[in-house]
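Architecture at a glance
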Amino acid sequence: MFGKRSVGIVLLYLFATGAIAQTAVDINLNVRHTVGGVSEFDREKYIVLHAGLTDGDWDSDVQRESFLNGYDVYLGRNNGSMPWNLSQTTEDPAKPGWCNHSSLASRGITARNNYALETEAHALEFRANKMMHGGQMSMYPNGITNNVQKNFAFADGDYDALGDYFENYLTDFFGAGGMDGQPKPTMVEVVNEPFVTATKYSTTRANISRMHTNVAAAIKNSHPEVLVGGYTAAHPQYEGNNSSFSHWEANWKTFIDIAGTNMDFFSLHLYDNPQGSTNVLDTMYRSGSNVEALLDMIEHYSMLKLGEVKPFNISEYGSLSVTNGAPYEPNDDWGDVRSFSTIMMQLLERPDRIVQAIPFVILKAEWGRKDGYPYPTRLLYDVDELTGSPKDDDGPWAYTHRLKFFELWKEVNGTRVETVASDPDIQVDAYVNVTNAFVIVSSLDHTGPQTVDLNVLGAVAGLQSIEVKHAYAAPSGEPMFDNYITNDLPSITLPASSTAVIKYTYAHAVQQNEQATEEKYYATTYLQPISANTPIIFSITNVAHAAPFGEAVLRLGLGRNHGDSLQPTLLVNGTAVPVPTDWRGYDQSTRNSFYGVLEIPVPYALLQSSNTISVEFNDADGGYVASVAMQVFEFSADIRNPPVYIPIDYHQIVGSDIILGFTNGPADSFFSLHSKTNLMDSAWSTTQTNLPIDGTGAGSVTHSIIAPQEFFRLVEDVVLSAPFGGLIEFTAPDYSNAPLDGQQSWNAEAQWAVADAAGSGHAATAQNSEIAVLNEAVTLGLGQTYSLSVNLEFGGTYSTPTAHVYAFLSGLKVDNTASAHVETGDAVSADASIQIISGTDDYRLLNNWAPLGSQITTATLDAGDILQYNYELTLGSHASNTTYTVQLQNLTDGTDTGVGTVAGVHADVYAALTGSGAYAFVQRIAPGNGGSGLTGLQVNSVTISKP
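Residues numbered from 1 in each chain as written. Predicted model: local features only at pLDDT ≥ 70, side-chain atom pairs only at ≥ 80, totals over all residues. Heavy atoms only, no water.

Focus: the sheet that holds strand 27 (residues 575–576)
Strand pairing in a sheet takes place through backbone hydrogen bonds and is either antiparallel or parallel in direction. Strand order in the open sheet formed by four strands is 24-29-26-27, with antiparallel pairing between adjacent strands. Only two strands of the sheet have a single neighbouring strand rather than two, namely strand 24 (536–540) and strand 27. Pairing of strand 26 (residues 569–572) with strand 27, which is carried by two bridges, proceeds in the antiparallel orientation. In the sheet register, V572 faces strand 27, and the bridge partner there is T575. (Pairing = 2+ DSSP bridges. Helix = DSSP H or I, 4+ residues; strand = E, 2+ residues; numbered from the N terminus.)

Next up, the structure:
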């Protein structure tokens, strides 16, 4: 028996109030977002200072500890120690051009002993677990001494001699931490920004690339665990010279071809460039579509050339300074505060392919004084600089506005959750850390404010507070920072280029009970020139898309002159896909030409294991499609269409049962009962499902009470498409290599069979006049549309036929039997056929002998050509005004019949569509007739779309 019962009933209502904001973001706190197996925010990777633990520019031990621990910052890069110690090392008398190992070891012992004395640093060693050391071009073996001020200086002999120095430097200068010496760096960046000074050092980019391979091999001799990378690109501008991509060929392609195999990571620097102006409209921005294009192209070529995508170390990023060799100007700090966040938001989207990302801000920059003024990109300044002594260097020291970046991101941590924005200029990301959810929104709109609706979904009850941190620029250009707490935040207004971090605190832990898994797939070719009215065909293979719900984005990297179209005609597996007119960031008008990525939503149902992408520009020759990738998101639930809750109108307890009922649900539908015993748990249990709702919208359910306290909700059942809705690929585990008849409800004649089910999969027949019927009844209401797309090809060797060839037939028929095929001129079925015209190589579509669309005369229908047959029927008020369209595309050569329309269908087809259902079919007719040489029909996939 049960004692006193407490029954909680959840009623959910949706309200829409107020004006619609310019942009909306959805944050699904219950959906873990995993990219390449990574789903956690790694502060060691992203929240990094460009300094070392024993850097001489720390103001004090206290300041170092306070900054690193107070703001939870890690240390990342030192590219001064290596060249300095080489310049202080003597030459081996027995091996000219090589360092003296005894001299180097002696310096190493001194360095380790000195570190042992810096006991305050030992407790902070965990802040330097991903420390990277690197070299400078002053070390390059070109016959010039590495330190002209020392009489013992010598010229490095060759790449092997330099590699020997790197190897022994790592051996001699580092220990296991604490009294044993500073911990060894985990990464080596061979040389900083070498290609821009190749001419100065009398060498070539190819030679510098070869140097990387030698140095990497030497390091791996004794330190195989140390990651080695390069080439540390200073000013990547792949499109160079009016989108000819000669810069790419001479730089990154050269490096990857020569040294790519030997690199553990690729490094480059990403800077927005104000071009000496304080007007933000003059800035040449990398943030936005240009950053995406730069990284995508390296990834794409890395996959093609090396068979893998090497990760990145973005060892510097931010904004170049407006001035150098000038007094400290606080307003100039805004460029970095802005760009650190906007660029990092982009890098956070590649957590599986970033080993480190370092915002370029150094400590006091005393080493970089020019005309008496410190290097401008710094964390600390002498307060006397603003009080009449701009060249002062004796303190006291204060933080520049660049501290605001670290303050903004100070607490962010946790598991990444799924987010989406309606405008590409608004970047959004979110992380859940137990009871705290951090939502970051950042604007790439540099011209004005953006108001953003915040739709926070998937959280448990018990929101306690909302804290907002917001970094933005005042009209004067001064960096500003707001920090406030509120109980409600339906939207936020972001001034130009600003970033806000919003912390939602809940009474209980926020759980992730759904998954969003992201992978990226690159095309088998890249860097294709654009010719007007000529399709460029790309293939993207081995694409996983098994989840029932998901999304896809085609990433198209384009380099074109300003004024040229960025709106190609795009076909994905033969289906036209609209190309957005907007992209991340600005129009790139301050750059010499456009180079960026267009991120194009692709219907998930269009995805196949092997995908054909056609890109065609109709305006002019010029430019390149530089990179092509498909970004695929697989969801464990339909997160874009959350459940519809049915308000509970009444409940009644009868014995040990509870009856829940309603009177205003969706009529003639079904519902489920969800329950849980702890309202704070994020997961509900589905206790009953497929419960009926009558024609008036009324329904009820009886549930046996299982606990003293239970909570219930009623949810409208999602009506899923039948098994054949969407994409049909003849692949395992749904299909096996066997006759098609009976597999997944296909009715097929005897010679139809599935093959290569473990691979790309297809269904084929070598027998003329054989039909396969999709045993799924198609019923339509007035105005509703059913579409069928068939991806097919023929075997054999093509020859001009001596008689008309009727090769293929497809459409809708009135029954589901496969005992008899459909005649080519059948007057009942709503279909179309492929015909090759006698004595020519022309081919077209027919319906009952009447031509549809245009005749293809510019290319032959060759065996192996991939064809896409598209069929779409819309139901009218009667048979005579029901219409269907057909189109045939040759995806191999880019030819197309255009769309042909059939007005009116047979009364029997109309009766079937409005009654018991019509059925889709595919049929081989006689492709080899007239000596055409075409043989078996192979169907690679079928795509269905229905109401």
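Section: the UniProt feature "domain: Porphyranase beta-sandwich" (unreviewed entry) in the protein chain
Residues annotated by UniProt as "domain: Porphyranase beta-sandwich" (unreviewed entry) correspond here to residues 425–528. This span, residues 425–528, is 0% helix and 62% strand, and a straight line between its end C-alpha atoms measures 28 Å. (UniProt positions renumbered as here; feature names shortened; annotations may be inferred.)

Let's talk about the nonpolar core
Membership of the largest hydrophobic core comes to 98 residues, with the highest contact counts inside it found for L49, W248, W252 and W409. Taken together, domain 1 (420–514) and domain 2 (515–635) each give at least three residues to this core, which thus spans both. Excluding residues that lie within four positions of it along the chain, W409 makes contacts with F41, R43, I47, S341, M344, M345, L348 and I440. Formed by 56 residues, the second largest nonpolar core is a distinct cluster that contains Y735, L780, V805 and A912. (Core = buried A, V, L, I, M, F, W, Y, C linked by side-chain atoms within 4.5 Å. Buried < 20%, exposed > 50% of the residue type's maximum accessible area, 1.4 Å probe, protein only. Domains from an automatic or database assignment. Contact = heavy atoms within 4.5 Å.)

Description of the side chain of E418
Here E418 shows up in strand 14 (residues 415–421). The buried category is assigned to E418, whose relative accessible area is 5%. Separated by 2.8 Å, the side chains of E418 and N28 make a polar contact. Setting aside anything within four residues of it in sequence, one finds E418 in contact with D26, I27, N28, V31, H33, A516, I639 and R640. (Polar contact = N/O pair within 3.5 Å; in protein donor to acceptor, adjacent residues only side chain to side chain.)

A few points about the domain arrangement of the protein chain
One can read the domain layout of the protein chain as domain 1 (420–514), domain 2 (515–635), domain 3 (645–717) and domain 4 (726–945). Using C-alpha coordinates to define each centre, domain 1 is positioned 30 Å away from domain 2. Summed over both partners, the interface of domain 1 with domain 2 comes to about 550 Å²; 48% of that surface belongs to carbon and sulfur atoms. Interface area lost by domain 1 to domain 2 is led by P424, D425 and E514, which between them contribute 60%. At the boundary of domain 1 with domain 2, the tally comes to zero salt bridges. Our count for the contact surface shared by domain 1 and domain 2 stands at two residue pairs in polar contact (both at pLDDT 80 or more). Class assignment of the residues belonging to the side of domain 1 that touches domain 2 gives a composition of two nonpolar, two polar and three charged. (Buried area = accessible area lost by both parts, 1.4 Å probe. Salt bridge = Lys/Arg side-chain N within 4 Å of Asp/Glu carboxyl O. Nonpolar A, V, L, I, M, F, W, Y, C, P; charged D, E, K, R; others polar.)

Focus: the pairing of strand 51 (residues 934–945)
Bridge analysis of strand 37 (residues 726–729) against strand 51 gives four bridges, and the strand direction is antiparallel. The partner of I728 across the bridge, within strand 51, is V942. Here strand 40 (residues 762–765) pairs with strand 51 via three bridges, running antiparallel. The residue of strand 51 that forms the bridge with T765 is L937. Pairing of strand 42 (residues 785–796) with strand 51, which is carried by nine bridges, proceeds in the antiparallel orientation.

A look at the packing of aromatic side chains
Tallied over the entire structure, the rule returns 40 aromatic pairs. Ring centres of W252 and F255 lie 5.8 Å apart, and the angle between their planes is 85°; on these two criteria the pair is classed as edge-to-face. In this pair, W252 and F255 are both assigned in helix 9 (residues 246–259), three residues apart and thus about one turn of the helix distant. Here F255 falls in the buried class, since its relative accessible area comes to 0%. Between F360 and Y375, the ring centres sit 6.2 Å apart and the planes meet at 85°, which makes this aromatic pair edge-to-face. Of this pair, F360 sits in the loop between strand 11 (354–359) and strand 12 (380–382) while Y375 sits in the loop between strand 11 and strand 12; the two residues are 15 residues apart in sequence, bridging distant segments of the chain. For Y375, a relative accessible area of 26% puts it in the partly exposed group. (Phe/Tyr/Trp six-rings, centres within 6.5 Å; stacked < 30°, edge-to-face > 60°.)

So, empty space enclosed by the protein
This model, assessed by the stated rule, comprises seven cavities of 30 Å³ or more. Considered as a void within the structure, the largest cavity measures approximately 120 Å³ in volume. Around the largest cavity, the lining is made up of 13 residues, and of these V35, E349, R350, E518 and K520 lie nearest the centre. Looking at the lining of the largest cavity, the elements with two or more residues in it are helix 10 (289–306) and strand 22 (514–522). Sorting elements by how many residues they give to the lining of the largest cavity places strand 22 first, with three residues. Taken together, the residues of the lining of the largest cavity break down into one nonpolar, two polar and ten charged. Size it by volume and the second largest cavity reaches roughly 110 Å³. Lining of the second largest cavity is provided by 14 residues; of these, T323, P327, E329, D332 and P376 occupy positions nearest its centre. Partitioning the lining of the second largest cavity into residue classes produces five nonpolar, four polar and five charged. (1 Å grid on protein atoms, 1.4 Å probe; cavity = no way out; pocket = protein on both sides within 12 Å on 5 of 7 lines; lining within 4 Å. Points joined across faces, edges and corners; volume = space filled by probe spheres on them.)

Some points on the side chain of S443
Following the sequence through the fold, S443 ends up in strand 16 (residues 436–443). A polar atom in the side chain of S443 sits 3.1 Å from the backbone nitrogen of D445. Apart from the residues within four sequence positions on either side, S443 is in contact with T342, D425, I426, Q450, L494, P495, S497 and S498.

Looking at the packing of helix 9 against helix 10
Any two packed helices are characterised by the angle at which their axes cross and by the distance between the axes. Relative orientation of the contacting elements helix 9 and helix 10 amounts to 45°, with a least axis distance of 10 Å. Judged by the inter-axis angle, helix 9 sits oblique to helix 10. Where helix 9 crosses over helix 10, the two elements pack in a sense that is right-handed. Along its contact with helix 9, which presents W248, W252, K253, I256 and D257, the element helix 10 presents M297, I298, Y301, K305 and L306. For the contact of helix 9 with helix 10, the class distribution of residues is seven nonpolar, no polar and three charged. (Axes fitted to C-alpha atoms, helices over the stretch in contact; angles between N-to-C directions. Parallel < 35°, antiparallel > 145°, perpendicular 65-115°, else oblique. Left-handed = near helix turned anticlockwise from the far one by under 90°.)

Thoughts on the pattern of salt bridges
For the coordinates displayed, the defined rule picks out 45 salt bridges. A salt bridge links K364 to D59, with the nearest nitrogen and oxygen atoms 3.4 Å apart. Residue K364 is located in the loop between strand 11 and strand 12, and its partner D59 is located in the loop between strand 3 (48–49) and helix 2 (61–70); the two are separated by 305 residues in the primary sequence. One salt bridge in this structure joins R584 and E349, with 2.7 Å as the shortest N-O distance.

So, the sheet that holds strand 31 (residues 650–654)
Overall, antiparallel pairing links the three strands, which are arranged 31-32-35 in an open sheet. At either end of the open sheet lies a strand with only one pairing partner, and these are strand 31 and strand 35 (699–704). Averaged over all pairs of adjacent strands, the angle between their axes in this sheet comes to 15°, without regard to strand direction. Note that strand 31 and strand 32 (residues 657–662) share five bridges and pair antiparallel.

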